[in-house]
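# What the coordinates show
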Amino acid sequence: MSDDYKGNTEGDIRQLVIPGEQGGLRLDQALSAMLPEFSRNRIQNWIRARKISVDDTWGTTKMKVSGGESVRVEVEPDPNATPDAPEAIPLDVVYEDSMLVVINKPVGLVVHPGSGNPRGTLLNALLHRVPQVAELPRAGIVHRLDKDTSGLLVVAKTLRAHTDLVRQLQARTVKREYLALVYGEVDRAGTVDAPLARDPHNRTKRTVHSMGKEAVTHYDVVERFPGITLLRCKLETGRTHQIRVHMQHIGHPLVGDTVYNASRRTHLKIPFPRQALHAEKLGLIHPVTQEFMQWECPLPPDFTSLLQALRDNTDWIK
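Residues numbered from 1 in each chain as written. Predicted model: local features only at pLDDT ≥ 70, side-chain atom pairs only at ≥ 80, totals over all residues. Heavy atoms only, no water.

### Some details on the pairing of strand E11 (residues 202-208)
The test is simple: Strands were regarded as paired on the criterion that DSSP finds at least two bridges between them. A run of DSSP states H or I qualifies as a helix once it reaches four residues; a run of E qualifies as a strand once it reaches two. Both are numbered from the N-terminal end.
Across four bridges, the pairing between strand E10 (residues 196-199) and E11 is antiparallel. Its bridge partner being in E11, leucine 196 is matched across the sheet by valine 208. Hairpin connection between E10 and E11: a loop of two residues separates the two successive antiparallel strands.

Set out below in structure tokens:
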């Protein structure tokens, strides 16, 4: 890199190390996996604009990485981004300090605005409650929950916290545990280690695919009912729809999940209008104090009522 290089000391600077398993990929492909909050197109533009260096040399769009390289990324604001509107949407805040906020997301609340949900999302609510997150990637949201999945998620309030939490997610030090009600009687604890990719026939879905990204879910049996099991799922990775796809993959789709279901289980009809999935526990290392912190939130009323109905009387399961 030439001596006239000048870094953006006031901006968002990411210092990364390419993992060994990314060896052989192009630089933009490796960074897309490491920085999922940014599109590959934006990363390619930063490479062309000399915003990304590899071992103190400017990156190129054709460069391939071997693994172990030190990469410096100068994150530029998206010039085409449309500002989202703050909205006074109530949030169930479990914990908050100057660096982060932990939220118990209710069923039905979409996390990010999209074509079908331009308003009324968690992001809009955050912009109202914590205006400074407008300066952060995705308003500080470092992981997400599906619309109809309830439970805990953490949001960064500062760039320092955002960078630290993203690194923790990559290093798999963030602990996430879910309660999932699935069809079938699960005998024992187990692990699903099956890579996930976009479904080539439906881009809104994910599927197990040998060329997909690594995905690992550990599960334990919590409670059994005739033809149904309550599981505690622990995420080692955090891919889109991971638990839903993995449970379907092993023949135990989630109760209420109309997207990832299995026809051989349809003789059981459970009157539940969404996937029975709840993010019960969240643990992480605080970005400043370096203290490990953990939170837990109870099941929402609909999930609680369903379990109680199963305990009281299983005759209505047809």
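We are not done yet, so read on.
### Digging into the packing of aromatic side chains
In plain terms, the rule: Each pair of aromatic rings taken from Phe, Tyr and Trp, with Trp reduced to its six-membered ring, is defined by centres within 6.5 Å and is described as stacked if the planes are under 30 degrees apart, edge-to-face if over 60, and tilted in the remaining cases. Accessible area is worked out with a 1.4 Å probe on protein chains only. A residue is then buried under 20% of its type maximum, exposed over 50%, and partly exposed in between.
A complete count under the given rule lists two aromatic pairs for this structure. Consider the rings of tyrosine 95 and tryptophan 295, whose centres lie 5.4 Å apart with planes at 40°: the pair is tilted. Highlighted residues: tyrosine 95 in strand E5 (residues 93-96) and tryptophan 295 in strand E15 (residues 292-296), separated in sequence by 200 residues. Accessibility expressed as a relative area gives 23% for tyrosine 95, which makes it partly exposed.

### Topic: helix H3 (residues 122-129)
So the rule is basically this: Counted as a polar contact is a pair of N or O atoms within 3.5 Å, where, for protein atoms, one must be capable of donating a hydrogen and the other of accepting one, and residues adjacent in sequence contribute only when both atoms are in side chains.
Burial within H3 is extensive, with six of its eight residues counted as buried. Residues of H3 that are buried: Leu122, Leu123, Asn124, Ala125, Leu126 and Leu127. Residue threonine 121 occupies the N-cap position of H3, its side-chain oxygen lying 3.3 Å from the main-chain nitrogen of leucine 123.

### Observations concerning the confidence of the model for the protein
This is how it is decided: One number per residue, pLDDT, summarises how confident the predictor is, and it ranges from 0 to 100. Contact definition: two residues touch when any of their heavy atoms are within 4.5 Å.
Here the protein shows a mean pLDDT of 88. Residues at 70 or above account for 91%. Across the protein, the element-wise mean pLDDT spans from 88 in strand E1 (residues 12-17) up to 98 in strand E14 (residues 277-285). Here residues 1-10 scores under 50 on pLDDT; set against residues more than four positions off or in separate chains, the count is 12 contacts.

### A word on the pattern of salt bridges
Selection rule: We define a salt bridge as a contact between a side-chain nitrogen of Lys or Arg and a carboxyl oxygen of Asp or Glu at a distance within 4 Å.
This model, assessed by the stated rule, comprises 13 salt bridges. With a shortest N-O distance of 3.4 Å, glutamate 74 and lysine 51 are connected by a salt bridge. Linking glutamate 74 in strand E4 (residues 70-75) with lysine 51 in the loop between helix H2 (40-48) and strand E2 (52-54), this pair joins segments that are 23 residues apart in sequence. Exposure remark for glutamate 74: the relative accessible area of 6% places this residue in the buried category. For glutamate 280, the salt bridge identified is with arginine 232, shortest N-O distance 2.9 Å. Remark: arginine 232 occurs in strand E13 (residues 228-235) and glutamate 280 occurs in strand E14; sequence separation between them is 48 residues. Put simply, Lys51, Glu74 and Glu76 are held in one network by salt bridges that share partners.

### A short note on the sheet that holds E1
The antiparallel open sheet is built from four strands, whose spatial order is E1-E4-E2-E3. One side of each edge strand has no neighbouring strand; the edge strands of this open sheet are E1 and strand E3 (57-58). Bridging between E2 and E3 involves two bridges; their strand directions are antiparallel. Note on E3: the bridge partner recorded for valine 54 is threonine 57.

### Some points on empty space enclosed by the protein
A probe as big as a water molecule, rolled over the atoms, marks out the empty space that is left. The line we're drawing: In the cavity and pocket records, a cavity denotes points on a 1 Å grid over the protein atoms alone where a 1.4 Å probe fits but cannot get out, a pocket denotes an open set with protein on both sides within 12 Å along at least 5 of 7 lines, and lining residues are residues with an atom within 4 Å of a point. Grid points are joined across faces, edges and corners, and a volume is the space filled by probe spheres set on the points. Lys, Arg, Asp and Glu make up the charged group, whereas Ala, Val, Leu, Ile, Met, Phe, Trp, Tyr, Cys and Pro make up the nonpolar group; the residues left over, Gly among them, are polar.
Across all of its chains, the model carries one cavity of 30 Å³ or more by this definition. Its boundaries defined by the atoms lining it, the largest cavity holds a volume of some 30 Å³. Around the largest cavity sit Arg14, Leu16, Leu35, Thr163, Val166, Arg167 and Gln170, which together line it. Looking at the lining of the largest cavity, the elements with two or more residues in it are E1 and helix H4 (159-171). The greatest single-element share of the lining of the largest cavity, amounting to four residues, is contributed by H4. Counted by class, the lining of the largest cavity contains three nonpolar, two polar and two charged residues.

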